[in-house]
Amino acid sequence: MNHTLPTAAQRSAGRTGHAPVGVVIATRDRRASLAVTLRHLLALPERPRIVVVDNASTDDTRAMVARDFPRVQVVSLPFNRGALARTHGVRALDTPYVAFSDDDSWWAPGALAAAARLFDEHPRLGLLSARTLVGPDAAPDPLNEVLAASPLGPAADLPGTQVLGFLGCAAVARREAYLDAGGYHRLLFFGAEETLLAYDLAARGWGVTHCPEVTAHHHPDPGPRTGRPVVVRRNELLTAWLRRPCRTPSPAPVPSPPRPATTRTPGARCARR
C-alpha cells in the first residue's frame, strides 16, 4: 500500500475538480484582447479557475465576461489599482499556486500542470518565471536568454536558474509565498514592478527561478507604448529607494532633498520597510 501523502496539487484537484493552479488576469478597457485570452485559457486541459480583476474599465468588459464567459470570476475594483489588482485576484483564489496572465497573454497546454509539479517537488520555490513566446510566430522573448544566464545560477533545492526578475504575464507563484511577500507594491503601478516582488520573495527565503520547461504565450499590441521607458526608469529608482538599507539617523538635522522628478517619492518614503 502506498502511504505517500498527497501533494498540495492533488489535494486541491481532489476538492475542486480544477487544476491546482488558478489564473489571475488584471485588465482595463481591453475587452477584445481579453476575450481572446479567455478563450485560450478556457481551452487548457488543466481546466484552471480564472479570476479577472477589472481595474475600473469604462467599456463593457465586465458585462462581456459575465455574458460570454460565465465560468470566469470577475473582481471589480472601483478605481485603477495597476499591478496591485493581481493581489486582489490572488486573494479571491484558494488554489495553492497562481499563474498570472495579462489580457494579451495565456499559457501553453500542459504548462500549468508542469508548474504544479515543480512547486510540489520543491517546497522552497516561491515563484517561477516561464519561457515566453511572442506573437503569432512564437518568437522567443529576448528576456528568456537574460534570465537563463542569471549569474545567481542554480540552487540544489530549486529547479531552473535563480533570478531576481521576471515577466509579470509569464510567472506562476506559490500563493502562500506571494501573500507572505506582500504581493506587488502599491506605489509602482505598472512598469518593472516585478523586480521588487522578486527581491521581497528572496528576502523572505523563497526561491525565485527561471524554468524554461513552463511556457507562456504573449501577444502584445504592436503599437508604440508612449511613456513606457520613463515609467520603467521611475520604478527602477523607486525600487532601489524602497529597499535601500536605512542608515542610523544622525543627531543633526538633515535638510530635505530637492523634490525629485516623480510624484511617488513622498509615498515611497512612508512605504520603506
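Structural data are supplied above this passage.
K.L.:
Would you mind showing me how to read the packing of aromatic side chains here?
P.N.:
Two measures describe an aromatic ring pair: the distance that separates the ring centres and the angle between the ring planes. Evaluation of the coordinates by the stated rule reveals three aromatic pairs. Here the aromatic rings of Y97 and F119 are separated by 4.9 Å at their centres, their planes lie at 20°, and the arrangement is stacked. On the criterion of sequence distance, the pair formed by Y97 in strand β4 (residues 97-102) and F119 in helix α5 (residues 111-121) is long-range, its members being 22 residues apart. Taken as a pair, Y97 and F119 share a single burial class, namely buried. A ring pair is formed by F100 and Y178, whose centres lie 5.5 Å apart and whose planes are at 35°; its orientation type is tilted.

K.L.:
Looking at this model, I keep getting lost on the nonpolar core. Mind explaining?
P.N.:
I25, L38, L41, W107, L128, V172 and V214 are the most contacted members of the largest nonpolar core, which has 36 residues in total. Among the elements that take part in this core, α5 stands out by supplying seven residues, more than any other. Residues within four places of I25 in sequence aside, it is in contact with L34, T37, L38, L41, I50, V51, V52, V53, S101, D102 and D103. In terms of nonpolar packing, the next biggest core, distinct from the first, is built from 27 residues, V75, V90, F100 and L197 among them.

K.L.:
What exactly am I supposed to notice about a nonpolar patch on the surface here?
P.N.:
Taken together, the side chains of L152, L164 and Y199 present a nonpolar region at the surface, about 250 Å² in accessible area. Relative to the helices and strands, Y199 is located in helix α8 (residues 194-203). Residue Y199 is classed as partly exposed on the basis of its relative accessible area, which comes to 34%.

K.L.:
Got a minute to help me understand the side chain of E46 in this structure?
P.N.:
By secondary structure assignment, the location of E46 is in the loop between α2 (31-42) and β2 (50-54). No salt bridge is formed by the buried E46; its nearest oppositely charged neighbour, R117, is found at 7.5 Å. Reaching out from E46, the side chain makes a polar contact with the backbone nitrogen of G110 at a distance of 3.0 Å.

K.L.:
Mind showing me how you'd approach α8 here?
P.N.:
An α-helical segment advances 3.6 residues per turn. Residues three or four places apart therefore align on the same side. For α8, the full list of buried residues reads E194, L196, L197, A198, D200 and L201. Count one or two residues on from α8 and you reach G205, which has phi positive near 95°.

Conventions and cut-offs
Within each chain, residue numbers correspond to sequence positions counted from 1 in written order. Per-residue local features are limited, in this predicted model, to residues with pLDDT of at least 70; the limit for side-chain atom pairs, both in listing and counting, is 80 or more; totals at the level of whole chains, interfaces and linings are taken over all residues. Excluded from the side-chain calculation are hydrogens and water; included are all heavy atoms of the structure. In this scheme Phe, Tyr and Trp rings, the latter by its six-membered ring, pair at centre separations within 6.5 Å, and the angle between planes marks the pair as stacked below 30 degrees, edge-to-face above 60, and tilted otherwise. Runs of E in the DSSP output that reach at least two residues are strands. Runs of H or I that reach at least four are helices, and both are numbered from the N terminus. When accessible area is computed with a 1.4 Å probe and restricted to protein chains, residues below 20% of their type maximum are described as buried, those above 50% as exposed, and intermediate ones as partly exposed. Each nonpolar core is a collection of buried residues, namely Ala, Val, Leu, Ile, Met, Phe, Trp, Tyr and Cys, held together in the definition by side-chain atoms within 4.5 Å. Residues count as neighbours in contact if any of their non-hydrogen atoms are within 4.5 Å of one another. A patch consists of residues exposed above 30% relative accessible area that lack any salt bridge, with like charges linked at up to 9 Å and nonpolar side chains (Val, Leu, Ile, Met, Phe, Trp, Tyr) linked at up to 5 Å. Note on areas: these come from Shrake-Rupley sampling with a 1.4 Å probe, and a residue is covered only by the protein chains present in the view. We define a salt bridge as a side-chain nitrogen of Lys or Arg found within 4 Å of a carboxyl oxygen belonging to Asp or Glu. Working convention for charge: Lys and Arg count positive, Asp and Glu count negative, and His plus the chain ends are omitted. N or O atoms closer than or at 3.5 Å make up a polar contact, with two conditions inside protein: a donor-capable atom paired with an acceptor-capable one, and, for residues adjacent in sequence, both atoms drawn from side chains.

Purely geometric stuff here, so don't read any function into it on its own.
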